[in-house]
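# Summary of structural features
Listed here are the chains, written in short residue letters.
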Amino acid sequence: MKDSILVINCGSSSLKFAILANAGQTTLVEGIADRLGSSESSITFKYQEKKSIVMLDEGSHKNAVTQVKLWLNAHADIEHSLMGIGHRVVHGGEAFTKSVLINQEVINGITDCSKFAPLHNPAHAKGIEVAFELFPGLPQVAVFDTAFHQTLAPEQFLYPIPMSFYREHHFRKYGFHGTSYRYISQRLAQISLGSDQQGVLVAHLGNGASTCAIDHGQSSDTSMGITPLEGLMMGTRSGSLDPSLISFISHAENISADEALDILSKKSGLLGVSEISNDCRTLEEAMASGDQRAKLALDMFAARTAKHLASVATTLKSIDHLVFTGGIGENSSYLRQVICNHLKALNINIDSTLNEKAPRGAEYDITANNSNTTVWIIPTNEELMIALDTISLIQH
Ligand code: ADP
């Protein structure tokens with residue numbers, strides 16, 4: 001039966017993939033090709049609980065997809081079950097408000113958005129072209145990180161700069177993690193009936209981190225902007241700050257504005273403050289052994305996350321639910337606790353015991369008795385969303 005979807009997520013130097021069957025519920029095989037563009041690239045396949053690694057002679061996206069195709073040739077039953085390919089695309093600009101079946105016009109549209117995502121969108125376009133070449137006849141679908149936020153009102157998405165920048169260059173807030181937020185919104189509506197008629201806050205906290213307010217199932221505000229640099233403090237990104245700092249840093253260090261921006265993007269956030277790591281787990285271990293820099297970085301992360309939750313909440317009529325998701329949101333009881341400590345004025349309270357004992361990888365309600373808002377941990381599943389969109393567009 002043709003019921004499986006190949007999900008592809010092409011990054012600038014990596015390519016993640018998964019094949020999902022049974023309406024996206026079963027992962028048959030998954031893997032990642034990384035260090036693409038270098039001579040040390042390899043691709044890992046995880047199949048039936050076992051991992052295998054293949055070195056790539058030439059670390060290109062094309063070579064990575066070719067290896068997936070070769071693996072499928074050796075697993076003919078899975079190859080024959082493929083009904084389509086779903087691609088994660090970071091930036092869809094204002095052109096894409098929902099997932100679409102890919103044709104040449106769509107590839108051109110994705111390429112047009114490259115100015116806002118110069119590392120990602122060209123890689124997506126390349127991945128799509130290679131997939132068409134290697135899997136001729138399989139329909140392909142693009143699922144955009146930005147699409148869910150196209151429902152923002154102008155007073156939320158416009159920057160207070162001369163309007164000509166928006167008119168002529170489309171400089172505005174786009175927001176990201178949209179596929180994750182859409183999944184969380186739909187999943188919450190299944191486990192808490194009626195939540196799609198209420199106000200929901202979501203904190204997607206991973207290496208990249210953002211917040212989103214969802215009003216009646218639609219995004220009403222989000223913390224990331226024209227790029228994923230705005231908003232929360234992240235693994236290596238500073239998040240929002242006074243834009244004058246770019247000028248101060250470039251003068252102080254005698255570097256260009258672009259180089260200063262690179263520091264805000266790659267050397268700031270948890271890494272920049274702690275001077276230890278961008279990784280939350282590593283910092284929690286350092287904090288547990290008494291490292292004050294790690295504690296400061298984590299506490300700043302929590303304070304800023306709370307601030308951006310409160311900020312996007314201004315677009316809601318009520319805060320009925322708060323959901324934590326992403327690697328940090330799902331796993332760090334410390335950060336969930338400190339974030340919620342900052343939200344007491346909004347009557348958001350969690351039960352410390354429930355928070356501590358939340359089982360890994362499960363959906364869990366950690367609300368305290370005295371909370372106005374129900375607080376959840378819900379593991380995100382962007383691959384499932386991409387597979388479901390792909391199935392739905394192919395079948396219509
Ligand atoms: P990405 O944005 O790359 O998809 P993830 O959602 O995978 O990121 O989240 C990665 C982050 O989650 C890292 O900072 C990692 O340390 C953190 N994380 C994962 N597991 C744990 C854990 N058990 N405790 C604390 N942090 C964790």
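These notes cover the structure that comes with them. Numbering of residues begins from 1 in every chain and follows the order in which that chain's sequence is written. Owing to the predicted nature of the model, reporting of local features is limited to residues with pLDDT of at least 70; listing and counting of side-chain atom pairs is limited to 80 or more, with chain, interface and lining totals taken over all residues. Side-chain metrics in this entry use all non-hydrogen atoms of the structure; hydrogen atoms and water are not considered.

### What about the pattern of salt bridges?
- For salt bridges, the criterion is a side-chain nitrogen of Lys or Arg within 4 Å of an Asp or Glu carboxyl oxygen. Taken as a whole and judged by the stated rule, the model has 13 salt bridges.
- A salt bridge links lysine 62 to glutamate 133; the nearest nitrogen and oxygen atoms lie 2.6 Å apart. Of this pair, lysine 62 sits in helix α1 (residues 61-73) while glutamate 133 sits in helix α4 (residues 121-134), and the two are 71 residues apart along the sequence.
- With its nearest N and O atoms 2.5 Å apart, the salt bridge here joins arginine 182 to aspartate 389. A residue pair is termed long-range when its members are at least 10 positions apart, and arginine 182 in helix α7 (residues 178-191) and aspartate 389 in helix α16 (residues 382-395) qualify at 207 residues. Put simply, DSSP marks the helices as runs of H or I at least four residues long and the strands as runs of E at least two long, and each gets a number from the N terminus on.

### Here we look at the nonpolar core
- Ranked by internal contacts, the top residues of the largest apolar core, which has 43 residues, are Leu201, Leu205, Phe301, Leu322, Phe324, Leu335 and Ile339.
- Those elements that provide at least two residues to this core are β9 (199-205), β10 (209-215), α11 (280-288), α12 (292-313), β12 (321-325), α14 (333-341) and β14 (374-377).
- Looking at this core element by element, the count peaks at nine residues for α12.
- What leucine 335 contacts, discounting residues up to four positions off in sequence, is Cys280, Glu284, Leu298, Phe301, Ala302 and Ile328.
- With 26 residues, the next largest nonpolar core counts Phe45, Leu82, Ala131 and Leu138 among its residues. For this analysis, a nonpolar core means a set of buried residues of the types Ala, Val, Leu, Ile, Met, Phe, Trp, Tyr and Cys, connected via side-chain atoms within 4.5 Å. Burial classification: accessible surface area is computed with a 1.4 Å probe over protein chains only, and a residue below 20% of its type maximum counts as buried, one above 50% as exposed, and the rest as partly exposed. Whether two residues are in contact is decided by their heavy atoms: any pair within 4.5 Å suffices.

### Looking at the packing of aromatic side chains
- Between the rings of Phe, Tyr and Trp (Trp by its six-membered ring), a pair exists once the centres lie within 6.5 Å; its type follows the angle of the planes, with under 30 degrees stacked, over 60 edge-to-face, and the other angles tilted. Under the defined criterion, the tally for this structure stands at eight aromatic pairs.
- Look at phenylalanine 116 and tyrosine 174: their rings are 5.3 Å apart centre to centre, the planes differ by 40 degrees, and that puts the pair in the tilted class. Of the two residues, phenylalanine 116 sits in the loop between α3 (104-112) and α4 while tyrosine 174 sits in the loop between α6 (163-169) and α7, which places them 58 residues apart along the sequence. Like phenylalanine 116, the residue tyrosine 174 is buried in the burial classification.
- Consider the rings of phenylalanine 157 and tyrosine 166, whose centres lie 5.8 Å apart with planes at 55 degrees: the pair is tilted.
- Of the residues examined, phenylalanine 157 reaches a relative accessible area of 10% and is grouped as buried.
- An aromatic cluster is defined as three or more aromatic residues linked by ring pairs; in this entry it consists of Phe17, Phe45, Tyr47 and Trp71.
- Put simply, a charge is over a ring when the Lys NZ or the Arg CZ is close to the ring centre, within 6 Å, and near the line of the ring normal, within 35 degrees. The ring of phenylalanine 157 carries arginine 172 above its face, with NZ or CZ at 3.7 Å from the centroid.
- One cation-aromatic arrangement involves arginine 172 over tyrosine 174; the distance from NZ or CZ to the ring centre is 4.9 Å.

### Topic: the sheet that holds strand β3 (residues 26-34)
- Pairing between strands requires that DSSP locate at least two bridges from one strand to the other. Spatially, eight strands are ordered β5-β4-β3-β2-β1-β6-β8-β7 in an open sheet, and the strand pairing comes out mixed. Each edge of the open sheet is held by one strand with a lone partner, namely β5 (50-55) and β7 (100-101).
- Judged from the two bridges that link them, β7 and strand β8 (residues 140-144) form a sheet pairing that is antiparallel. Residue pairing for β8: leucine 101 is matched across the bridge by valine 141.
- Fitted lines through C-alpha atoms serve as axes, helices being fitted only where they are in contact, and the angles separating the N-to-C directions of these axes extend from 0 to 180 degrees. Across the sheet, α1 is in contact with β1 (4-10), β2 (15-21), β3, β4 (42-47), β5 and β6 (82-89); its angle to β4 comes to roughly 30 degrees.

### Considering the side chain of serine 268
- Mapped onto the elements of the fold, serine 268 is located in the loop between α9 (257-266) and α10 (269-274).
- Filtering out sequence-adjacent residues up to four positions away, serine 268 remains in contact with Gly235, Thr236, Arg237, Ser238 and Ile263.

### Topic: α16
- A helix is expected to span 1.5 Å for every residue after the first. For α16, which comprises 14 residues, the first-to-last C-alpha distance of 20 Å matches the rise-based estimate of 20 Å (1.5 Å per residue) to within 8%.
- For α16, the full list of buried residues reads Leu384, Met385, Ile386, Ala387, Asp389, Thr390 and Ile391.
- For α16, the elements touching its buried residues are β1, β2, β6, β8 and α7.

### What about the site of the ligand?
- Neighbouring residues of the ligand: Gly206, Asn207, Gly208, Asp279, Cys280, Arg281, Glu284, Gly326, Gly327, Ile328, Asn331 and Arg360.
- Polar contacts, as counted here, are pairs of nitrogen or oxygen atoms within 3.5 Å of one another; within protein the pair requires one atom able to donate a hydrogen and one able to accept it, and residues that are adjacent in sequence qualify only if both atoms are side-chain atoms. Aspartate 279 has a polar side-chain atom sitting 2.8 Å from an oxygen atom of the ligand.
- Every accessible area reported is derived by Shrake-Rupley at a probe size of 1.4 Å, with residue values counting cover from the shown protein chains alone. When the free accessible area of the ligand is taken as 580 Å², the share hidden by the protein chains comes to 73%.
- Elements with a contribution of two residues or more to the shell around the ligand: α11 and α13 (326-331).
- Three classes are used, and their members are as follows: Ala, Val, Leu, Ile, Met, Phe, Trp, Tyr, Cys and Pro are nonpolar, Asp, Glu, Lys and Arg are charged, and the others, Gly among them, are polar. A class-by-class count of the residues in the shell around the ligand yields two nonpolar, six polar and four charged. Nearness is judged by heavy atoms alone; a residue qualifies as near a molecule or strand once a single heavy atom is within 4 Å of it.

### Brief notes about the sheet that holds β14
- The strand order across the open sheet formed by six strands is β11-β10-β9-β12-β14-β13, and the pairing between neighbours is mixed. One side of each edge strand has no neighbouring strand; the edge strands of this open sheet are β11 (218-222) and β13 (364-365).
- On the sheet, α12 packs against β9, β10, β11 and β12 and is oriented at approximately 150 degrees with respect to β9.

### Description of the packing of α3 against α4
- Closest axis-to-axis distance for the α3/α4 pair is 8 Å, and the angle between their directions is 160 degrees. With respect to α4, the element α3 is oriented roughly antiparallel. Regarding α3 and α4, the two cross each other, and that crossing is left-handed. On α4, the residues that touch Ile107, Ile110 and Thr111 of α3 are Asn121, His124, Ala125, Ile128, Glu129 and Phe132.
- By residue class, the composition of the contact of α3 with α4 is five nonpolar, three polar and one charged. Between 65 and 115 degrees an angle is taken as roughly perpendicular, under 35 as roughly parallel, over 145 as roughly antiparallel, and anywhere else as oblique. By the definition used in this description, the sense in which the near helix is turned from the far one sets the handedness, with an anticlockwise turn below a right angle giving left-handed and a clockwise turn giving right-handed.

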